[in-house]
Amino acid sequence: MGQETFTAGVGPGGLRTKNDIRVLVCYLLSSVDAPLSEADILSILQGYDLANYFEIMDVLSDLLKKGLIVRPQGQPDCVQAAPAGKEVAAQLDMTLPLSVREKTVAAAVNLLARARREQENRVEIKKNERGYSVTCHVSDREMDLLTFTLYAPDLYQARLIKKNFHREPGMVYRAVLAAVTGSRELAADALRRIIP
C-alpha cells in the first residue's frame, strides 16, 4: 500500500497515496512526451484537485533522485520522463482511475497548445506616456500574417488584451480579414466562434 499523503486541497477522486502521485506524474510525462516545467505539473494536478502541493513537490524530487524523470539539457526548470519512468507508467497506469488519467492528459495537451500559440503569436506590451501599447502578431511560424497595436490605459487592461488574444489568435485574424475584405461568410464564421 502507498504511503498516505497530506490531503489539503485534494478533492473527491483525488490521489491519496504517494505511489499514486508518482505513477500519475510518470504517466503524464510519458503521455505528452514533452518536457513540462514543475510549475506546469503543479498547475495541472492542482487545477483538478488531484494532489496536494507539498506532496507533488516531494514526489518530483523523489522521481528525480530515482532517475524516473530527468531534466532535459538546457531546460533546468523542466522535467521529462526517463525510460524507467515510461516503463513505470506503462506497467502501472491502469491502477489510476480513468477519469484522473483523462483529465491530466487533457490539461497537459491544452497547456502545451497554449504555450505553442503564445510562442508563435507574440504580444509585446510597452509603457508609453499615456498608458500602454499592446502589439499583437498573428504568425504562421515563418512570417507575420497580421500585426496590430492597441492602446490600453493601464497594465491590467494590457495584460487582459494579451490573455484574450492568446486564447485564439486565428479567430482574431479571421475577424480582421472579414472586416477588410467585406466577406460576410468570414464575418459570420468569426462571430460564431465568438458567440457560439
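To be clear, the structure that these remarks concern was listed above.
What you see is a predicted model, and the numbers here were worked out from it, not measured in a lab.

1. Observations concerning the side chain of Glu38
Along the chain, Glu38 turns up in helix 2 (residues 38–47). Accessibility expressed as a relative area gives 18% for Glu38, which makes it buried. In this view, Glu38 contacts Met57, Leu60, Leu64, Arg71, Asp77 and Val79; residues no more than four positions away in its chain are not counted.

2. Brief notes about the pairing of strand 3 (residues 78–81)
Strand direction decides the pairing type here: strand 1 (residues 36–37) and strand 3, joined by two bridges, are antiparallel. Bridge pairing in strand 3 links Leu36 to Val79.

3. A closer look at unusual backbone geometry
The phi dihedral of Asp33 falls on the positive side, at around 50 degrees, and the residue is not glycine. Assignment of secondary structure puts Asp33 in the loop between helix 1 (18–32) and strand 1.

4. Considering the packing of aromatic side chains
All chains considered together, the criterion is met by two aromatic pairs. Here Tyr53 and Phe54 contribute two aromatic rings whose centre-to-centre distance is 5.1 Å and whose plane-to-plane angle is 90 degrees, an arrangement assigned as edge-to-face. Accessibility expressed as a relative area gives 37% for Tyr53, which makes it partly exposed. Given the relative accessible area of 56%, Phe54 is considered exposed.

5. Notes on the packing of helix 1 against helix 4 (residues 83–92)
The contact between helix 1 and helix 4 brings their axes to 8 Å, and the two run at 110 degrees. On the basis of the axis angle, helix 1 is roughly perpendicular to helix 4. On helix 4, the residues that touch Val23, Cys26, Tyr27 and Ser30 of helix 1 are Gly85, Lys86, Val88, Ala89 and Leu92. A class-by-class count of the residues in the contact of helix 1 with helix 4 yields six nonpolar, two polar and one charged.

6. So, helix 5 (residues 98–120)
With 23 residues, helix 5 should cover 33 Å at 1.5 Å per step; its first-to-last C-alpha distance of 33 Å lies within 8% of that length. Taken residue by residue, helix 5 has Val100, Arg101, Thr104, Val105, Ala107, Ala108 and Leu111 as its buried positions. Next to the buried residues of helix 5 lie helix 1, strand 1 and helix 2.

7. Describing the packing of helix 1 against helix 5
The geometry of helix 1 relative to helix 5 is characterised by a closest axis approach of 10 Å and an angle of 45 degrees between their N-to-C directions. Comparing their axes, helix 5 and helix 1 come out oblique. You can see that helix 1 and helix 5 cross each other, and the crossing is right-handed. In this structure, helix 1 uses Leu24, Tyr27, Leu28, Ser31 and Val32 to contact helix 5, whose residues at the interface are Val100, Arg101, Thr104, Val105, Ala108 and Leu112.

8. With respect to the nonpolar core
In terms of nonpolar packing, the biggest core is built from 31 residues, with Val25, Leu29, Leu36, Ile41 and Leu45 touching the most fellow members. Of all the secondary-structure elements, those providing two or more residues to this core are helix 1, helix 2, helix 3 (53–66), strand 3 and helix 5. Residue contributions to this core peak at nine residues, all from helix 1. Residues Tyr132, Leu146, Ala152 and Ala158 belong to the second largest nonpolar core, which totals 11 residues.

Thresholds, definitions, all that
- Residues numbered from 1 in each chain as written.
- Predicted model: local features only at pLDDT ≥ 70, side-chain atom pairs only at ≥ 80, totals over all residues.
- Heavy atoms only, no water.
- Helix = DSSP H or I, 4+ residues; strand = E, 2+ residues; numbered from the N terminus.
- Buried < 20%, exposed > 50% of the residue type's maximum accessible area, 1.4 Å probe, protein only.
- Contact = heavy atoms within 4.5 Å.
- Pairing = 2+ DSSP bridges.
- Phe/Tyr/Trp six-rings, centres within 6.5 Å; stacked < 30°, edge-to-face > 60°.
- Axes fitted to C-alpha atoms, helices over the stretch in contact; angles between N-to-C directions.
- Parallel < 35°, antiparallel > 145°, perpendicular 65-115°, else oblique.
- Nonpolar A, V, L, I, M, F, W, Y, C, P; charged D, E, K, R; others polar.
- Expected span 1.5 Å × (residues − 1).
- Left-handed = near helix turned anticlockwise from the far one by under 90°.
- Core = buried A, V, L, I, M, F, W, Y, C linked by side-chain atoms within 4.5 Å.

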